[in-house]
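Chain by chain, the residues run as shown.
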Amino acid sequence: MALIKKLIVTGVIVSVAAVGGFQWWSGQPITGKDSPVIPFAIAQGSGVAGAAQQMATAGIPVNGFLFGVLARVTGKAGQIKAGSYELKPETTPRRLLTQLVRGEFAQESLTIIEGWTFRQMRQAVDAAPNLKHETAKLSDKELLAKVVPEGAAKYATPEGLFFPDTYLFAKNSSDLQIYKQAHEMMMKRLKAAWEKREPNLPYTEPYQALIMASLVEKETGQKSERAMIAGVFVNRLKTGMLLQTDPTVIYGMGDKYDGKIRKKDLETDTPYNTYTRAGLPPTPIALPGVQSLAAALSPAQTDALYFVSRGDGTSHFSVNLNEHNKAVNQYQRGGSK
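Keep in mind it's a predicted model, so treat the numbers as computed, not measured.

Brief notes about the side chain of Thr270
For Thr270, the position within the fold is in the loop between helix H12 (263-267) and helix H13 (290-297). By relative accessible area, Thr270 is classed as buried at 16%. Here Thr270 is in contact with Gly252, Thr276 and Arg277, once residues within four sequence places are set aside.

Some points on the packing of aromatic side chains
Tallying each qualifying case throughout the model produces 10 aromatic pairs. With a centroid separation of 5.1 Å and an interplanar angle of 25°, the aromatic rings of Phe118 and Phe162 are classed as stacked. Of this pair, Phe118 sits in helix H5 (residues 118-127) while Phe162 is found in the loop between helix H7 (151-154) and strand E5 (166-170), placing the two residues 44 residues apart along the sequence. Both residues of the pair, Phe118 and Phe162, belong to the buried class. A ring pair is formed by Phe118 and Tyr179, whose centres lie 6.1 Å apart and whose planes are at 55°; its orientation type is tilted.

Details of the UniProt feature "site: Important for catalytic activity" (unreviewed entry) in the chain
In the UniProt entry, the feature "site: Important for catalytic activity" (unreviewed entry) is given for Glu219. One can find Glu219 in helix H9 (residues 206-219).

Overview of the pairing of strand E1 (residues 38-42)
Of the two faces of E1, the one lined by Ile38, Phe40 and Ile42 is fully buried and the one lined by Pro39 and Ala41 carries no buried residue. Pairing geometry for E1 and strand E2 (residues 83-87), over 5 bridges, is antiparallel. Residue pairing for E2: Ala41 is matched across the bridge by Ser84.

Some details on the pattern of salt bridges
All told, the structure shown has 10 salt bridges when counted by the stated rule. Close ionic contact of Glu104 with Arg102 constitutes a salt bridge, the shortest N to O distance being 3.5 Å. With a relative accessible area of 25%, Glu104 lands in the partly exposed category. Residue classification places Arg102 among the exposed positions, given a relative accessible area of 60%. A salt bridge links Glu108 to Lys171; the shortest N-O distance between them is 3.8 Å. Taken together, the residues span a long stretch of sequence, with Glu108 in strand E3 (residues 107-111) and Lys171 in the loop between E5 and strand E6 (173-174) at a distance of 63 residues. With relative accessibility at 21%, the residue Glu108 sits in the partly exposed group. Owing to a relative accessible area of 22%, Lys171 belongs among the partly exposed residues under this scheme. Among the ionic contacts, a cluster of salt bridges with common partners joins Glu86, Glu108 and Lys171.

Digging into the layout of surface pockets
Rolled over the atoms, a probe with the dimensions of a water molecule shows which regions are left empty. Reported here for the largest pocket is a volume of approximately 740 Å³. Along its surface, the largest pocket is lined by 27 residues, and Asp246, Tyr275, Phe307, Val308 and Ser309 are the ones closest to its centre. At the level of elements, H9, helix H10 (226-239), helix H11 (246-253), strand E7 (306-309) and helix H14 (321-331) are the ones that each hand at least two residues to the lining of the largest pocket. For the lining of the largest pocket, the element with the highest residue contribution is E7, accounting for 4 residues. Residue classes in the lining of the largest pocket are distributed as 11 nonpolar, 10 polar and 6 charged. Taken as a whole, the second largest pocket encloses approximately 510 Å³ of empty space. When contributions to the lining of the second largest pocket are tallied by element, the ones reaching two or more residues are H5 and H11. Tallying contributions element by element places H5 first for the lining of the second largest pocket, with 4 residues. When the residues that make up the lining of the second largest pocket are grouped by side-chain class, the tally is 8 nonpolar, 5 polar and 5 charged.

Focus: unusual backbone geometry
If you check the backbone angles, Asn130 has positive phi at about 65° while not being a glycine. With respect to the secondary-structure elements, Asn130 resides in the loop between H5 and strand E4 (131-132). Despite not being glycine, Gln244 shows a phi value in the positive range, around 45°. Position of Gln244 relative to the elements: it lies in the loop between H10 and H11.

Quick notes on the rules
Residues numbered from 1 in each chain as written. Predicted model: local features only at pLDDT ≥ 70, side-chain atom pairs only at ≥ 80, totals over all residues. Heavy atoms only, no water. Helix = DSSP H or I, 4+ residues; strand = E, 2+ residues; numbered from the N terminus. Buried < 20%, exposed > 50% of the residue type's maximum accessible area, 1.4 Å probe, protein only. Contact = heavy atoms within 4.5 Å. Phe/Tyr/Trp six-rings, centres within 6.5 Å; stacked < 30°, edge-to-face > 60°. UniProt positions renumbered as here; feature names shortened; annotations may be inferred. Pairing = 2+ DSSP bridges. Salt bridge = Lys/Arg side-chain N within 4 Å of Asp/Glu carboxyl O. 1 Å grid on protein atoms, 1.4 Å probe; cavity = no way out; pocket = protein on both sides within 12 Å on 5 of 7 lines; lining within 4 Å. Points joined across faces, edges and corners; volume = space filled by probe spheres on them. Nonpolar A, V, L, I, M, F, W, Y, C, P; charged D, E, K, R; others polar.

Structure, rendered in structure tokens:
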């Protein structure tokens, strides 16, 4: 009987020691603070044993058997998510398991610049490493149909429908994810600006405001002037004047634009030439940012109908043609004040 009691006590002590040792192990860093980040991937359909094997193959020095025990005793063995990950220095087995269960994927980023055309956005997406390029061979219309099911019928082109921002994605994600995120964000931003719009604007729908925002985006890099630029364009629309904005001419020229606009270009009619056609162009001409959207829907209250560049990045605004001509002579032709 005494022997049995000793065996039981010994067994309890061993069990407690084992549990204590396991708890200690699960809280110890897998790699030191000066160790490099180790990238690894978990394949779709991997169980905990498969995940442990894939981590070992990637060079992660974690005990696969104990990691499997940890996943099972915590009830998380069936919750591991496939994807691309990174093991950072001083990560513990418990923290690593949490990463896999939460799907804390290794993040990459891609920045879309305000004022880019959709063509430039596509070039940036196609050139981005660590993306799965599933849209590279699609036409613009085919890509739009993937992003917006009703897009082909609703929009003539994808231009302007994607919000310029920095987007995060997991390594080897589909590039279609970037387009979907950017489109959803543009629709969200446009809806918010439309709901706060000033009364009596010459737009009957949000898409027209998006077109205006793209004109504002391309006309000035000065954030402080965007509302004034929008105010001038709104005044022109209301009075029936031609918008006569060079960026629309450039957009309509396409590949023919060589960096200069000539008189013949201003006189050559295209759907986007606002020197020959009244009203807004048929589509946006760029990807406008949030400030241009705000300017288009909350333009400055002004009587100005004209503006001309001063040559220093700012513009001179005029209320009549005589004043405008004087400003053009001063700032563009080197005339006296």
